[in-house]
Structure formats: C-alpha cells, structure tokens
Amino acid sequence: MTLNEYMRDRLPVIEETLQHTLKRMVPSGNKELEEMLSYHMGWVGEGAGPKATGKRLRPLLVLMVNEACGGEWKRALPAATSLSFLHNFSLIHDDIEDDSDTRRGRPTVWKKWNMPQALNSGDLMFSFSYACMMRLAEVGHSPETTLRALKLLEDTIAKLVHGQHLDMSFETRDDVTLPEYWQMINGKTAALISCACEMGALLAKTNKKQQKQLAHFGRSLGLAFQVQDDWLGIWGDPAVTGKSASMDLITRKKTIPILFGLEQNKEFTRCWGMGFHPDDVEYMADLLKNEGAQAYTEAEAKRLTKEALDSLEEAFDKENELAQLLTELATKLTKRSA
C-alpha cells in the first residue's frame, strides 16, 4: 500500500467519525452552534472542502502509529477524534489571541460571528476531546488504558497552553532568545504531534520503551514541521502557501529565522530596531538570507527531521510497511512548500 492509498482509505473514515461525533455532541436543537463548529472544521459555508479542513495530520498519525504497532486502527478512532478536536479548539482560540481574520483562506469563526460566541464554541469543542477519549472503553480498551490515555491528554493540554502563553508573551518582548523559542514551539506545536504518536502506541499496548521512542519521533517531527513553517513564513511562495510571505516580518513575529538574524547583531538587527516600512520586507528577507538565517533554518529542519526518522528506525523493524509509510509522511511534511 502506498501513502496516498493509505490516506485515501483512512481520511474519509476520520472525517465521517468527526462529523458524526460533532452532531452527537452539540446540544440538540442548537443549529447555530453546530454551524459555527462545522464551519470551522471546513464542512459548511463558502469555501468548504479539503482546503478548508486542513491536513488532519494528528488523527492520521494516531491511526498510522497504532497500526504500525500492531493495533486495530478502528479501536484508536476515539483517540484520533479527540486529538483532532483538541487541535481545532486551539485554532479557534488562537485566531482570537492572534487577531487573525482568516484561516485556510476563509474568515475565522470570531470574525464571521463574534468573539464571545467564538470563545463559547471553542470551549464546547474542547470538551469534545475528553468525551471522545472516554469512548475508548466502549471500543474494548481497559479502564487502565483509558486512564493512561486521559493522563497523556491532560499533560499535552498543559504543554499546549504553556506554549501558547509563551508565544503571546513574545509579542511584547524585544529580548526573546532562541532557547525560549524552542521551549515555545515544543509546547505549541510539537506536544500535540508527539501525543498523537505516543497515543497510537499506547493503544496498541506496546512496551513503554517503544511508546517513548514514538513520542520522541512525534516531538522531533513537530519541531521540524514548525521550523519549516517559519521558513515558509518568510521565503515561501504566496501562490502555493495561500498567505503573504511578508506577514511574519510585518507583524514582527518571533520565528526562528528572525531570532537568529537578531542574534547576529548586524544590518538586519539595526533595521529591525529602527522599524521598517512594509514595502521593505523583501529587503529584510534578503538581509536574513545574506546573514545566514535561511541556511540556519534549513539546517535545523534537516537536523530535526533526521532525529525523527532515527527514532522511527529504532522503534520498528525495517520490514514494517506502516513504518515505511510514516517515514514517507514525515519526509513529505518537513519538505512541504505549503
């Protein structure tokens, strides 16, 4: 089976399970609340479809790792659904916290309705993550396994919120360091991807060593994913990414190439400190490139991708077909152009 064949087989099941769960979980008769959450998930409204739903990376990783570990992937669906809702809850609140008008080419929930209603709908979606995880017992998992899965979920939520707090605090600081950046993305991006991989292994009842190897795979993959995203935020092709490549510079976002550039204390640092006009972002991006920020960012993405693949190789036999697909997926994600 190829990666595309696997995704064509599993992603529709994930999508159907998410839709069915959302309809079941929204209080009966509240059509507007259902519409708001369905809109955010990419199922309804103008522009609905695959581009609006996103990659569904986290639930897909739960199933792929679970199956690679010898688990029955359908019995991992409640956990996959849980992490997908948790991720999407965080996006609803993230859009409010970042004052973002659009997501995936469409108005954000708070922009389309209003901020209080968006907060309220996000809170409901957050509750879905716990409700879904509780269904593990219904599909045959032991109470002990269910409790361990809930504990992993709880720990991940704390890391996720910690990372988001750091990200917001960076906006008002001029002294953010690269070590602080790594701490921030470890929580904001890597924690949930790491959780997805560890969760898949946990539900397959693998030993703790393999669970930790796969958690490390997910963490390194998540870090590489974010570093690549930061690269795209400055040097990506807007026609491919669907967003302005100048936005990270205009909003003075503390991403890895920008922080590296500031640490060099050269022309980029001087221009950053003086302030620059939006028309100068191309010049600023060129300064970062000339001062080594682009090469550094690319090297870090490559290093983290290797760490992820090394952990995967330690966890599985070379003949494991699903592990080979995980390798292909990880490589594809960390070399993406959008």
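Here's a quick rundown of the structure. Please read all numbers here as calculations on a predicted model, not as lab measurements.

**Overview of the pattern of salt bridges**
- Scanning all chains against the criterion turns up 19 salt bridges.
- In this structure, Glu67 and Arg10 form a salt bridge, with 2.9 Å as the shortest nitrogen-oxygen distance. Of the two residues, Glu67 sits in helix α4 (residues 57-68) while Arg10 sits in helix α1 (residues 3-25), which places them 57 residues apart along the sequence.
- Of the residues examined, Arg10 reaches a relative accessible area of 5% and is grouped as buried.
- One salt bridge connects Glu198 with Lys212, and the closest N-O pair in it is separated by 3.3 Å. Placement of Glu198 in helix α9 (residues 178-203) and of Lys212 in helix α10 (residues 208-235) is noted, with a sequence separation of 14 residues between them.
- Classification of Glu198 as buried rests on a relative accessible area of 13%.
- Judged by its relative accessible area of 54%, Lys212 falls in the exposed class.
- A single network of salt bridges, built from pairs that share partners, joins Asp94, Asp95, Arg103, Asp167, Lys188 and Lys253.

**Topic: α1**
- In this model, α1 (23 residues) spans 32 Å end to end at C-alpha, consistent with the 33 Å of a helix rising 1.5 Å per residue.
- The inward-facing, buried residues of α1 contact α2 (31-40), α3 (50-53), α4, α5 (77-97), α7 (115-134) and α17 (321-334).

**Here we look at the packing of α10 against helix α16 (residues 293-315)**
- At a minimum axis separation of 8 Å, α10 and α16 run at an interaxial angle of 160°. The orientation of α10 with respect to α16, classified from their angle, is roughly antiparallel. With respect to the hand of their crossing, α10 and α16 are arranged in left-handed fashion.
- The residue inventory of the contact of α10 with α16, partitioned by class, reads 14 nonpolar, eight polar and four charged.

What counts and what doesn't
Residues numbered from 1 in each chain as written. Predicted model: local features only at pLDDT ≥ 70, side-chain atom pairs only at ≥ 80, totals over all residues. Heavy atoms only, no water. Salt bridge = Lys/Arg side-chain N within 4 Å of Asp/Glu carboxyl O. Helix = DSSP H or I, 4+ residues; strand = E, 2+ residues; numbered from the N terminus. Buried < 20%, exposed > 50% of the residue type's maximum accessible area, 1.4 Å probe, protein only. Expected span 1.5 Å × (residues − 1). Contact = heavy atoms within 4.5 Å. Axes fitted to C-alpha atoms, helices over the stretch in contact; angles between N-to-C directions. Parallel < 35°, antiparallel > 145°, perpendicular 65-115°, else oblique. Left-handed = near helix turned anticlockwise from the far one by under 90°. Nonpolar A, V, L, I, M, F, W, Y, C, P; charged D, E, K, R; others polar.

Bear in mind that shape data such as this cannot, by itself, settle questions of function.
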